[in-house]
There are 2 protein chains.
Amino acid sequence: MSLLRLLAAFALLIIAAPAAADTVASASSPAGTLKIDISLNGEGRIGYSISRIRQPVIGESHLGFLLSDAPQLLRNFQLVAQQKRSVDDTWEQPWGEWRKVRDHYNEIALTFEEKSKLKRRMTIVFRVFDDGVGFRYELPAQPSLSRANIVEELTQFDIVEPGTAWWAPAFESNREEYLYNRTPIDGVGIAQTPFTMRTASGLHIAIHEAALVDYSGMNVARVQGGDFKAMLTPSSSGPKVVRDTPFETPWRVILITPDGPSLYAANQLILNLNEPNKLGDVSWVRPRKYVGIWWGMHLDTQSWALGPKHGATTAYAKKMIDFAAKNGFTGLLAEGWNKGWDDDWFATGNDFSFTQAYPDFDIRAVSAYGLKKGVHLIGHHETSGNIAHYEEQLGAALDLDRELGIDTVKTGYVSDAGGIQARGDDGKIHFEWHEGQVMARHHLHVVTEAAKRHVAINPHEPIKDTGLRRTYPNWVSREGQRGMEYSAWGVPKNPPEHEANLIFTRMLGGPMDYTPGVLSLTGRGNTPILSTLAKQLALYVVLYSPIQMAADLPENYDANPGPFQFIKDVAVDWDDTRMLAGKVGDLAVIVRKQRGRPDWFLGAVGDEQERRFDVPLSFLDPGRRYRAEIYRDGDTADYRTNPRAIVIERRTVTASDRMALRIAPGGGAAVRFVAVGK
Amino acid sequence: MSLLRLLAAFALLIIAAPAAADTVASASSPAGTLKIDISLNGEGRIGYSISRIRQPVIGESHLGFLLSDAPQLLRNFQLVAQQKRSVDDTWEQPWGEWRKVRDHYNEIALTFEEKSKLKRRMTIVFRVFDDGVGFRYELPAQPSLSRANIVEELTQFDIVEPGTAWWAPAFESNREEYLYNRTPIDGVGIAQTPFTMRTASGLHIAIHEAALVDYSGMNVARVQGGDFKAMLTPSSSGPKVVRDTPFETPWRVILITPDGPSLYAANQLILNLNEPNKLGDVSWVRPRKYVGIWWGMHLDTQSWALGPKHGATTAYAKKMIDFAAKNGFTGLLAEGWNKGWDDDWFATGNDFSFTQAYPDFDIRAVSAYGLKKGVHLIGHHETSGNIAHYEEQLGAALDLDRELGIDTVKTGYVSDAGGIQARGDDGKIHFEWHEGQVMARHHLHVVTEAAKRHVAINPHEPIKDTGLRRTYPNWVSREGQRGMEYSAWGVPKNPPEHEANLIFTRMLGGPMDYTPGVLSLTGRGNTPILSTLAKQLALYVVLYSPIQMAADLPENYDANPGPFQFIKDVAVDWDDTRMLAGKVGDLAVIVRKQRGRPDWFLGAVGDEQERRFDVPLSFLDPGRRYRAEIYRDGDTADYRTNPRAIVIERRTVTASDRMALRIAPGGGAAVRFVAVGK
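Residues numbered from 1 in each chain as written. Chains lettered and ligands numbered in written order. Predicted model: local features only at pLDDT ≥ 70, side-chain atom pairs only at ≥ 80, totals over all residues. Heavy atoms only, no water.

A few points about the overall build of chain A
Heads up, the condition is: Put simply, DSSP H or I for four residues or longer makes a helix, DSSP E for two residues or longer makes a strand, and each gets a number counted from the N terminus. Here the globule rule reads 2.2 Å times residues to the power 0.38, and the radius of gyration is calculated from C-alpha atoms. When a residue's accessible area, from a 1.4 Å probe over protein chains only, is under 20% of the maximum for its type it is buried; when over 50% it is exposed; and in between it is partly exposed. Computed with a 1.4 Å probe, the accessible areas rest on the Shrake-Rupley method; for each residue, only the protein chains presented here act as cover. In this charge count, Lys and Arg are treated as positive and Asp and Glu as negative; neither His nor the chain ends contribute. Taken as the charge centre is NZ of Lys, CZ of Arg, CG of Asp or CD of Glu, depending on the residue.
Summing up its helical and strand segments, chain A has 14 helices and 37 strands in all. The globule rule puts the C-alpha radius of gyration for 678 residues at 26 Å, and the 26 Å found for chain A is close to it. Principal-axis analysis of the C-alpha atoms gives chain A an extent of 85 × 60 × 45 Å. Sorting the 678 residues of chain A into buried and exposed places 68% on the buried side. Looking at chain A as shown, the accessible area adds up to about 20800 Å², and 49% of this sits on carbon and sulfur atoms. For chain A, the centre of its 76 positive side-chain charges and the centre of its 81 negative side-chain charges are spaced 4 Å apart.

Quick look at the structure:
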């Protein structure tokens, strides 16, 4: 290399400043709303930037990898090939918020090659939708990169505008259940995804990923100002990701929309970036409402372990099945049914059996009793994060489930040991993070093994949802947020804004098993839940999950027959979904059309302030009359002083009407629209 | 375990909220200024908090470890032993800012043991000084923890007050040379240490570490608000630290002082937390001023590599030796003396020889010529981060140095490959971070091998300085900051406030080889350096290093004999040091007393604004008269418009006088106080 080039390279090498970048390719979204420019700078670093209607949104952000056993894939690239295509497709969800999903984007795939002697190649594929961008790295098989030992993915996200961010901290502990912070964008630390921002000009931006398969989960760390970079979840084995080429990374997703409702709708983009259903006929995956032997443990009136308070007994389970059958619920979760809860289970997870019931729980009798009444037991595999132990029993456990008609299993990874205990290639136990590559593999292993037995999976303390339900529709939900149990004993309890935060953050990823519907409005020791009665009903509509628990004790439902009627009536599977009004952390008004029926349901939740909404009912079938069954906060309702004040009223409405409702502080509203005639 | 205890544990386990903590021990600083409380909460988590004169400074912050092959060391601890002691000692630096350093603290050592069956123990030792706190973990040898595979050190720092932070980003690239950010404390991302804050009430707080030996360098990541946590530098091999017990971690240091000058003085605390000199007589470590074949490369008028512009030729080196000898400099750094600079050296580092000179550089002749004139060659070992390659030659290279009278070596770790290339236990090359455990070991290996040959070490792109110069006094300095070369070609160039930032941040760690004194005030292509002439002189006093370069070309010194006189006169080794006035990022006025002489030197640097100071000269010997040789910015000086305006004047002063000076925008002031009689 010439001396001048050497000197120039030396200067480039040791200066941190950006070198001038040339745009080498561009792509716009189908309607031209979003535009992405891909650039190479003077160092041969690959960058991208995104604008929305000519307004810069993402400034030049670089791409690359840091490897543990080879020079980084970062500089000295040249563009050697590019391909464009456009897709406009519509596909159908077997279950979901929408029956039909439109997949409409322009794609540009750029292949870069190093100019230095290794000449390694990578292709970066960008898909530009009108409400967001997805991109991923594809590393082809190549002699100088047969295996990628990825120390870090050097993907940047430079948010141009200042604004407000809603985010949950990553690596705070080895858990997933947090309240969301609301800070300036430049006050974010290291955030889990999905992670949502509203900029000064009102744009709504969310960063997430799609199709997290055999890779480490991505968090984003703020470097300075609005500059973020990917920070993958660590692995015990050194590189955060180890993959043989060829492989592709998960999609990095940036949703960019003008307001809250359109941000919520943009979560379809996550599904679109996932592969189609690989399981074929999945009619055995059954959306449902269920009850549980569960809330009593959180109230401390029942126990998981054997003893005088043991919840999962044959007798109590049969009583619960009777209650479920009488009220139209088709599932019973019985936590604490199996051996292993008696010692320090959360410290080791070594004692759990996933096939042997406690002696006071006759699982065969209970499941047969349930099936006779149309109520399936929902399996429960709490592993305490000891997946080494769990994987040894997984096949036998799922075989038993299939045999007993258990068609949904809640798995669990609540670990106090400091992480997931996995068996490494060396045969020893290694502690892993919940969202590392080991767990991406484990969860998919469980889901595919379960699919072979026609069992659906709902993990607790899971890996985050990246839309894999499209590819594996038996991955039905996740208890992967700070759910209702924190309203039993949490410090602090879930605050009134919590669900209005979750809808625009965590729920962009997918369904959440939040376990709502606690009509007693009281937690452990009769402490209050920070919610009105009507809000408990609204949660069934606003918080999407194809499996929804009626979480409260039967006696509390019996004592509240009026509100309970909504829980009995509400659907769990939908043809269509629309957010009619929404402001991150403040308000969400969502309507959903019941799958295969003309009926609609509306749910609205606010925060700690009184909120009002006035929405057109134009979503209703224009040719029909509907009976609106309205469950709204009483005029004096307030979660602090009068949480039980509820008004239940009926009204006949049509598509040309509007509906104006008040949401009390800490409140909500729920409406069932029953088609009653032309 | 009882059912109630099980349930209670489950609740504790899955809630993120703090459990109530009991104070189990306390200690105060000798004058009672600082107080630390150590607590155990309901989960058995160990915490500490610090107050200053009853004002909370650090809120309850937890301690512990996440391990890769064993349950985390975090909860379920009980206090099983405690020991207190007080130390008031004064020790002497062989070279330094102060000849005598007072080490005065109260210590409390607390031994905790797990209540669960593993019963692992750790001792945490807290040393409480009046201007800061140091603490470290000591892990004794024990059956259930014979080796610690540390995934993360779970050390927290909860800064109670809001305020302003000066910080450089960690993990931004695999480098150490950055400008410092100034943001609100709650705007920090992941910071390198030292990292400095000024709170709303005016407290100055800095977080750093001391005695980084066989461990991974600590960065601090902000979680939310003012809550920070340790984030160790990763390792290619999985756990960030692997140590057999018994071992102790580096000291975690929190300096807490009422103002900028006292913060600077508190950096003695870092030295105090290091072990005493292990090298015995170190009279062979010689503080000195030196010149270099170096600035020409940054100007692009000379080259490291062979060719028509090759800088390190026999002829040019002899000319430089003549210049050095004539002006009283005793060292010559000749970069580019050795084979290996001709190819993509920064991508591999494979071609460097550390014993073979280029054919146009007769190293034996040059070194002999220099020694005759009292000028030692300063060795240069640029490794490009390929320590595998370097370590193979290290012994032979240092043997050659010793043979040739090369008593100081500048090592270098400028890597473009994406990290340090180290040979792993598997015999393969692994890429490592600059501040991981591998590099902590490597640097100390180089330093101790060099000590055997009576060679001092000054690394470029080093591991951070944690005060190990106390233990290994041949570790003389570091080119580990964004130094003068960025004023040659940096984008942006070092701004006027840069040095006033460094003094209160990076320099808390120790000496920095900043390579000041560019009297041409021009960089590459005649672009301006953002400094006045007087400031270039002031840097020799304010930026401490026992080896100081006169960085400019000889012809530029010859053209500026007036200012150059200060560079010839200024000392590099000191009996005493005091900061007379200082404000982070704005101003620093420092006086230092020449080692073994009654003379003092004053240096003052400002920022982009005009600054004035008026300080008493009471530091001078009260019985003496001094000739003050003043080099100050001319009245119209300004780094943008009139950087060369300098006034050089003499005045006779005594300890009862004051000195008031104006610092121009981008300017500085330098004063030599020569004792002239009683």
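Let's talk about the packing of helix α5 (residues 314-327) of chain A against helix α7 (residues 363-372) of chain A
All names here are of chain A. This is how the line gets drawn: Axis angles are defined between N-to-C directions and span 0 to 180 degrees, where every axis is a line fitted to C-alpha atoms and, for a helix, only to the segment in contact. Any angle between 65 and 115 degrees counts as roughly perpendicular, while under 35 counts as roughly parallel, over 145 as roughly antiparallel, and the rest as oblique. Throughout, a contact is declared for two residues whenever any of their heavy atoms are within 4.5 Å.
Two elements in contact, α5 and α7, have axes whose closest approach is 10 Å; the angle formed by their N-to-C orientations is 10°. The pairing of α5 with α7 is recorded here as roughly parallel in orientation. Contact residues: Thr314, Ala317, Lys318, Ile321 and Asp322 in α5; Val366, Tyr369 and Gly370 in α7.

Re the pattern of salt bridges
Residue and element names in this part refer to chain A. Rule in force here: A side-chain nitrogen of Lys or Arg and a carboxyl oxygen of Asp or Glu constitute a salt bridge if their distance falls within 4 Å.
Applying the stated criterion across every chain, the model contains 102 salt bridges over all chains. The partner of arginine 672 in a salt bridge is glutamate 629, with the nearest N and O atoms 3.3 Å apart. Of this pair, arginine 672 sits in strand β37 (residues 668-677) while glutamate 629 sits in strand β34 (residues 625-633), placing them 43 residues apart in sequence. For arginine 672, a relative accessible area of 15% translates into the label buried. When salt bridges that share partners are traced, they join Glu92, Arg99, Lys100, Asp573, Asp575, Lys593 and Arg595 into one network.

Section: the packing of aromatic side chains
The geometry of an aromatic ring pair is captured by two quantities: the separation of the ring centres and the angle between the planes. Residue and element names in this part refer to chain A. We count it as follows: To pair, rings of Phe, Tyr and Trp, with the six-membered ring standing in for Trp, must have centres within 6.5 Å; the planes then decide the type, stacked if under 30 degrees apart, edge-to-face if over 60, and tilted in the middle. For a Lys NZ or an Arg CZ to count as sitting over a ring, it must be within 6 Å of the ring centre and within 35 degrees of the ring normal.
One pass over the structure, following the stated rule, counts 52 aromatic pairs over all chains. Seen from their ring centres, tyrosine 486 and tryptophan 489 are 4.9 Å apart, and the 50° between their planes marks the pair as tilted. Note that tyrosine 486 and tryptophan 489 are positioned in helix α10 (residues 486-489) at a spacing of three residues, about one turn of the helix. With respect to burial, tyrosine 486 and tryptophan 489 carry one shared label: buried. Linked through ring pairs, Trp304, Trp341, Phe352, Phe354 and Tyr390 together constitute an aromatic cluster. The ring of tyrosine 369 is capped by lysine 318, whose NZ or CZ atom sits 5.3 Å from the centre of that ring.

Remarks on the packing of helix α12 (residues 533-542) of chain B against helix α14 (residues 561-569) of chain B
Residue and element names in this part refer to chain B. To keep things clear, this is the line we draw: When residues are sorted by character, Ala, Val, Leu, Ile, Met, Phe, Trp, Tyr, Cys and Pro go into the nonpolar class, Asp, Glu, Lys and Arg into the charged class, and all the rest, Gly among them, into the polar class.
Direction vectors running N to C along α12 and α14 enclose 5°, while the axes themselves pass 10 Å from each other. Our classification of the angle between α12 and α14 gives roughly parallel. Here α12 contributes Leu533, Leu537, Tyr540 and Val541 to the contact with α14, which in turn contributes Pro563, Phe566 and Ile567. When its residues are assigned to classes, the contact of α12 with α14 shows seven nonpolar, no polar and no charged.

A few points about helix α9 (residues 437-452) of chain B
Residue and element names in this part refer to chain B. Here is the rule: A helix is expected to reach a length of 1.5 Å times the quantity of its residues less one.
For α9, built from 16 residues, the straight-helix expectation of 22 Å at 1.5 Å per residue is met to within 8% by its first-to-last C-alpha distance of 23 Å. Among the residues of α9, Gln437, Met439, Ala440, His442, His443, Leu444, Val446, Val447, Glu449, Ala450 and Ala451 are the ones counted as buried. Looking at the packing, one finds that the buried side of α9 touches β19 (241-244), α8 (387-403), β25 (408-412), β26 (420-423) and β28 (456-457). One or two positions beyond α9, positive phi appears at histidine 454, with a value near 60°.

Re the sheet that holds strand β2 (residues 34-41) of chain A
Sheet strands associate in pairs through backbone hydrogen bonding, adopting either a parallel or an antiparallel arrangement. Residue and element names in this part refer to chain A. So the rule is basically this: Strands pair, by our definition, only if DSSP identifies at least two bridges between them.
Reading across the sheet, the eight strands line up as β1-β2-β3-β4-β11-β18-β17-β14 and stay open at both edges, with antiparallel pairing between neighbours. Each edge of the sheet is formed by a strand with only one pairing partner; in this case those strands are β1 (21-28) and β14 (190-191). Pairing of strand β17 (residues 218-224) with strand β18 (residues 227-232), which is carried by six bridges, proceeds in the antiparallel orientation. What sits directly across from asparagine 219, in β18, is methionine 231.

Re the sheet that holds strand β31 (residues 587-594) of chain A
Residues and elements named next belong to chain A. Ordered by their spatial adjacency, six strands build an open sheet running β30-β31-β32-β37-β34-β35, and the pairing between neighbours is antiparallel. Of all strands in the sheet, those with a lone pairing partner are β30 (574-583) and β35 (646-653), marking the two edges. Sheet twist, expressed as the mean angle between neighbouring strand axes with direction ignored, is 15°. Inspection of the sheet shows strand β32 (residues 600-605) paired to β37 by six bridges, in the antiparallel sense. The partner of leucine 602 across the bridge, within β37, is valine 671. The strands that helix α12 (residues 533-542) touches are β31, β32, β34, β35 and β37; relative to β32, the one it contacts most, it runs at about 120°. Sitting on the sheet, helix α14 (residues 561-569) is in contact with β32, β34, β35 and β37, with an inclination near 130° to β34.

A few points about α5 of chain A
Residues and elements named next belong to chain A. Between its first and last C-alpha atoms α5 spans 20 Å; for 14 residues at 1.5 Å apiece the expected length is 20 Å, and the two agree. Where α5 is buried, its residues meet β22 (288-293), β23 (331-334), α7, α13 (554-558) and α14. Two residues or fewer past α5, glycine 328 is found with a positive phi of approximately 85°.

Some thoughts on unusual backbone geometry
The linkage connecting threonine 193 of chain A with the following residue, proline 194 of chain A, adopts the cis geometry, with an omega of 0°. Structurally, proline 194 of chain A can be placed in the loop between β14 and β15 (195-199). For lysine 119 of chain A, which is not glycine, the phi dihedral falls at a positive 50°. One non-glycine residue with positive phi stands out, namely isoleucine 53 of chain B, at about 50°.

Examining the pairing of strand β10 (residues 147-153) of chain B
Residues and elements named next belong to chain B. With six of seven residues buried, β10 lies mostly within the body of the structure. Pairing of strand β5 (residues 65-67) with β10, which is carried by three bridges, proceeds in the antiparallel orientation. Along β10, the bridge assignment pairs phenylalanine 65 with glutamate 153. Pairing of β10 with β19 involves four bridges; the strand directions are antiparallel. Considered in β19, the bridge of asparagine 149 is made with valine 242.

Describing the pairing of strand β3 (residues 46-52) of chain B
All names here are of chain B. Across the seven residues that make up β3, a large majority, six, are buried. With seven bridges joining them, strand β2 (residues 34-41) and β3 adopt antiparallel strand pairing. Among the inter-strand pairings, lysine 35 is bridged to a residue of β3, identified as serine 51. Connecting β2 to the antiparallel partner β3 that follows it, the hairpin turn spans four residues, and glycine 44 within it adopts a positive phi of roughly 75°. Summarising the sheet, β3 and strand β4 (residues 55-63) pair through six bridges and their orientation is antiparallel. Looking across to β4, one finds that arginine 52 is bridged to glutamine 55. Between β3 and β4, which pair antiparallel in sequence order, lie two residues; one of them, isoleucine 53, sits at a positive phi of approximately 50°.

Brief notes about the environment of proline 56 of chain A
Residues and elements named next belong to chain A. Checked against the element boundaries, proline 56 lands in strand β4 (residues 55-63). When the C-alpha positions of proline 56 and alanine 550 are compared, they lie 46 Å apart, and in sequence the two are 494 residues distant. Residues in contact with proline 56, not counting those within four places in the same chain, are Ile50, Ser51 and Val160.

Side note on the confidence of the model for chain A
Residue and element names in this part refer to chain A. Counted only if it meets this: Per-residue confidence from the predictor is given as pLDDT, running between 0 and 100.
Mean pLDDT over chain A works out to 95, with 96% of the residues at or above the 70 mark. With pLDDT under 50 throughout, residues 1-18 is counted as low confidence; its partners more than four residues away or in other chains account for 51 contacts. Predicted complex, confidence summary: ipTM 0.87, pTM 0.91.

Some thoughts on the side chain of histidine 442 of chain A
Mapped onto the secondary structure, histidine 442 of chain A falls in helix α9 (residues 437-452). For histidine 442 of chain A, the contacting residues outside a window of four places in its chain are Ile387, Tyr390, Glu391 and Tyr413 of chain A.

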